[in-house]
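Geometric and topological summary
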Amino acid sequence: MRKPLMAGNWKMNKTVEESVAILKELASLTKDVADRDILICPTYPALKSAADAVAGTNVMIGAQNLFWEEKGAFTAEVSGPMLIAAGCKYVIIGHSERRQYFGETDETVNKRLKAALKAGLLPIVCVGETLEQREKNETMKVVEAQVKNGLKELETGNWKLVTIAYEPVWAIGTGKTASPEQAEEVHSFIRGLLPAEVKETVRILYGGSMKPANVKELMAKENIDGGLVGGASLKAPDFAAIVKH
Ligand code: PGA
């Protein structure tokens, strides 16, 4: 059985102080949860304080991106070893907002993925189609290319460290959730693309307007193994409800 991973992506929200306060509240609301993994990905400046705030609890901290070089003259970039040193366990890679606004491609996703694994971070690789692609019936083609190219040349032993997040772009921050059936169709398609050795173990998260009101029906689907939650992860009670659904 795959242990569910409920992950919050805070995007560009919350100061250090606000982040710490929410995390403390969340950790206390979820302290009895043992049957699922809980992760929050705050902004870079808040990472170390966030990790300190949840030390000894079942809430883990991750970053929202990383650069593929370890150090050097790359102004404004942050490396995998730096994230590890700040207390991160996971890192999100290839979020659609990175693809849309910051020139992320499957090739740069792949470089970040390899750098994350080298540093000892657990990568969450995001894939998903735009509304236009869905309407043109290109969803499977787009997702297949993102999985194949973004995760290419991965050693078998590393596959078990990887999580994939399916996030239809049209459902992100729009309040429009994919129906459980629409999501499951793509999740099971993605599972079919995985190497045989890890087909049953790699977790595939759903992202896109997941909230307390729809988490149960999404999580009831066979191939939905957790969530990557934006808006609804910014309030501790809401995210705790999602975690405990
Ligand atoms: P949302 O964001 O839950 O606000 O739709 C999800 C995401 O972008 O990871």
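An account of the accompanying structure is given in this report. Because the structure is a prediction, the values reported are computed rather than measured.

By definition, the strands of a sheet pair up through backbone hydrogen bonds, in either a parallel or an antiparallel sense. Spatial strand order, S1-S2-S3-S4-S5-S6-S7-S8: eight strands in a closed barrel with parallel pairing. Sheet twist, expressed as the average angle between the axes of neighbouring strands with direction ignored, equals 25 degrees. Two elements, strand S1 (residues 5–9) and strand S8 (residues 226–229), share four bridges in a ladder whose sense is parallel. Across the sheet, Met-6 pairs through a bridge with Gly-227, a residue of S8. Contacts from helix H1 (residues 16–29) reach strand S2 (37–41) and strand S3 (59–63) within the one sheet, and its direction differs from that of S3 by about 140 degrees.

This paragraph deals with the site of the ligand. Around the ligand, the surrounding shell holds 13 residues, and the nearest of these are Lys-11, His-95, Glu-167, Gly-173 and Ser-209. A distance of 2.8 Å separates an oxygen atom of the ligand from a polar side-chain atom of Lys-11. Note that an oxygen atom of the ligand is positioned 2.7 Å from one of the backbone N or O atoms of Ser-209. Compared with its free state, where it exposes 280 Å², the ligand has 95% of that area covered by protein. Partitioning the shell around the ligand into residue classes produces four nonpolar, seven polar and two charged.

Now for the side chain of Gln-146. On the secondary structure map, Gln-146 appears in helix H7 (residues 139–150). A polar atom in the side chain of Gln-146 sits 2.8 Å from the backbone nitrogen of Gly-128.

This brings us to the pattern of salt bridges. Where side chains of opposite charge bring their charged atoms close, a pairing between them can arise. Per the stated rule, a full pass over the model turns up 16 salt bridges. A salt bridge links Asp-225 to Arg-2, with the shortest nitrogen-to-oxygen separation between them at 2.8 Å. Placement of the pair is Asp-225 in the loop between helix H10 (215–219) and S8 and Arg-2 in the segment before S1, with a sequence separation of 223 residues. An identical accessibility class is assigned to Asp-225 and Arg-2; each is buried. Ionic pairing is found between Lys-48 and Asp-52, a salt bridge with its closest N-O pair at 3.0 Å. Highlighted residues: Lys-48 and Asp-52, both in helix H2 (residues 47–54), separated by four residues, approximately one helical turn. The class for Lys-48 is partly exposed, based on a relative accessible area of 42%. Exposure remark for Asp-52: the relative accessible area of 46% places this residue in the partly exposed category.

Rules behind the numbers
Residues numbered from 1 in each chain as written. Predicted model: local features only at pLDDT ≥ 70, side-chain atom pairs only at ≥ 80, totals over all residues. Heavy atoms only, no water. Pairing = 2+ DSSP bridges. Helix = DSSP H or I, 4+ residues; strand = E, 2+ residues; numbered from the N terminus. Axes fitted to C-alpha atoms, helices over the stretch in contact; angles between N-to-C directions. Contact = heavy atoms within 4.5 Å. Near = heavy atom within 4 Å. Polar contact = N/O pair within 3.5 Å; in protein donor to acceptor, adjacent residues only side chain to side chain. Areas by Shrake-Rupley, 256 points an atom, 1.4 Å probe, with all protein chains shown as cover. Nonpolar A, V, L, I, M, F, W, Y, C, P; charged D, E, K, R; others polar. Salt bridge = Lys/Arg side-chain N within 4 Å of Asp/Glu carboxyl O. Buried < 20%, exposed > 50% of the residue type's maximum accessible area, 1.4 Å probe, protein only.

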